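# Notes for the structure review
The chain contents come next:
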Amino acid sequence: MENFLIILGVTFSINLPLVTAWILDHWLGDPSWLPHPVVAFGKAISFCEHRFNKGEARFLKGAVVTLMLVVGVFILTAYLLHWASLYSPGLLLAAQILLIFYCLAGTTLIREVRNVFRAVDRSLEAGRKQVSRIVGRDTSELSAQEVRTAALETLAENLNDGVIAPLFWYMLLGVPGMLAYKMINTLDSMIGYKNERYHRFGCFAARLDDVANYIPARLTAFLMIIASKRLSLLVFVGKYGNQHASPNSGYPEAALAGILNCRFGGPHNYFGEKVWKPYIGSNERPLTTEDMKIAVYINRCTEWLMVVSVIIITTLVSFFLPSLLF
């Protein structure tokens, strides 16, 4: 009975902060008034990039900077939580909830995508301006169809980056692993480009991001298909998932393209350079607000499935791992 209560306590301590933080994300999103650690991540990356991205051995410098920042975030988070646990269980719980909340970005992205569709319905220029907030490409010459496509591609891709992958790394490495993943993801978004400035310095960060997202991206696509209740789309994802330039982004995008029976991909403008991305899907049809509503529904269901999966897996591990070890 005593062992059962200990195991129950461990399970509760893992899942309570997760569920609470996830509910807060649904309720609040990312409030603009609340300082966000990703902003600090960005400043640290920018400082290191300006200081070390020059001269010889840029690949080595970029790799060292990437590893120092990722490992540093992991150690700092672990130390912070250890200190909080020594001070008060309540403080530990509050710190865990806040940090997990920071790592989840499902609601904010959904709000942004909804705003894109509302904006482009008002005017093309408003839609271009709104979608520029969530994509890294030049939006000044996008058509209304391309604005909507860009928003839905980003919604699918960032379901992985903003929800599923952080939860995956939380399940494996706890809150420190979750924050370390966010640093990896931020590094990739800032220096992981294949242009003249970042190609060498950011190459290691980009590859590390590919590794960190390899399983989560495919898991995201699988859960999206489960949410759609159309298992036959696994064949569609298998056909188109590897067509993307990224080894990972194509899988959630393919899942959403299959669910909506539409086509993603095509020409994109990055930093003044036109990049042609292979098409995902073959049905070139106009996208509508109804498609956005379906995509949002799929995102929410996928989040539910992942949270429930994490709870079930961590509970099972808590129950069976002690008996296997001892």
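First, a word on what this report is: a plain description of the structure on this page. Predicted model, so just to flag it, every value in this text is computed and none were measured.

On the surface, a cluster of nonpolar side chains totalling about 590 Å² of accessible area is made up of Trp304, Val308, Ile312, Leu316, Phe319 and Phe320. Assignment of secondary structure puts Leu316 in helix α11 (residues 289-325). We classify Leu316 as partly exposed; its relative accessible area is 43%.

Since one α-helical turn is 3.6 residues long, residues separated by three or four positions face the same way. Taking 1.5 Å per residue, 48 residues should reach 70 Å; helix α7 (residues 144-191) reaches only 29 Å between its end C-alpha atoms and comes up short. Most of α7 sits inside the fold, with 36 of its 48 residues counted as buried.

All right, on to the packing of helix α3 (residues 58-87) against helix α4 (residues 89-103) then. In contact at an axis separation of 7 Å, α3 and α4 are set at 150 degrees when each is read in the N-to-C sense. Taken together, the axes of α3 and α4 lie roughly antiparallel to each other. Residues Thr77, Leu80, Leu81, Trp83, Ala84, Ser85 and Tyr87 of α3 lie in contact with α4, whose contacting residues are Leu91, Leu92, Ala95, Gln96 and Leu99. A per-class count over the contact of α3 with α4 returns nine nonpolar, three polar and no charged.

In this section: the pattern of salt bridges. What the rule picks out here adds up to eight salt bridges. Here Arg263 makes a salt bridge to Glu284, at a shortest N to O gap of 3.3 Å. With Arg263 in the loop between α10 (250-260) and β1 (264-270) and Glu284 in the loop between β2 (273-280) and α11, this pair connects stretches of sequence that are 21 residues apart. Here Arg300 makes a salt bridge to Glu303, at a shortest N to O gap of 3.4 Å. Taken together, the residues Arg300 and Glu303, both in helix α11 and three residues apart, mark about one turn of the helix.

Let's shift gears to the environment of Val65. With respect to the helices and strands, Val65 occurs in helix α3. Given the relative accessible area of 8%, Val65 is considered buried. Here the alpha-carbon distance between Val65 and Glu49, two residues 16 residues apart in the chain, equals 8.4 Å. Residues within four places of Val65 in sequence aside, it is in contact with Cys48, Phe52 and Phe201.

As a further point, take the packing of α7 against α10. For the pair α7 and α10, the least separation of the axes is 8 Å and the interaxial angle reads 125 degrees. Classed by the angle they form, the pair α7 and α10 counts as oblique. α10 is crossed by α7, and the crossing has right-handed handedness. Across the interface between the two elements, Leu152, Glu153, Ala156 and Glu157 of α7 pack against Pro252, Glu253, Leu256 and Leu260 of α10. When the residues that make up the contact of α7 with α10 are grouped by side-chain class, the tally is five nonpolar, no polar and three charged.

Parameters at a glance
Sequence order sets the numbering: in each chain, residues are counted from 1 along the sequence as written. Given that the model is predicted, a residue must reach a pLDDT of at least 70 before its local features are reported, and side-chain atom pairs must reach 80 or more before they are shown or counted; all residues, however, enter totals for whole chains, interfaces and linings. As a rule here, side-chain values come from all non-hydrogen atoms in the structure, and water together with hydrogens is ignored. For patches, a residue must show more than 30% relative accessible area and have no salt bridge; joins then use 9 Å for like charges and 5 Å for nonpolar side chains, namely Val, Leu, Ile, Met, Phe, Trp and Tyr. Every accessible area reported is derived by Shrake-Rupley at a probe size of 1.4 Å, with residue values counting cover from the shown protein chains alone. A pairing counts as a salt bridge when a side-chain nitrogen of Lys or Arg comes within 4 Å of a carboxyl oxygen of Asp or Glu. The way it works is that DSSP assigns letters per residue, a run of H or I at least four long becomes a helix, a run of E at least two long becomes a strand, and they are numbered from the N terminus. Relative accessible area decides the class of each residue, using a 1.4 Å probe on protein chains only: under 20% of the type maximum gives buried, over 50% gives exposed, and in between gives partly exposed. Each helix should span, by expectation, one fewer than its residue count multiplied by 1.5 Å. Here the axes come from fitting lines to C-alpha atoms, over the contacting stretch only for helices, and the angles between their N-to-C directions go from 0 to 180 degrees. Any angle from 65 to 115 degrees is called roughly perpendicular, while one under 35 is roughly parallel, one over 145 is roughly antiparallel, and all others are oblique. By definition, residues are in contact when any of their heavy atoms lie within 4.5 Å. Residues are grouped as follows: Ala, Val, Leu, Ile, Met, Phe, Trp, Tyr, Cys and Pro are nonpolar; Asp, Glu, Lys and Arg are charged; all remaining types, including Gly, are polar. When the near helix sits turned anticlockwise from the far one by under a right angle, the crossing is termed left-handed; a clockwise turn instead gives a right-handed crossing.

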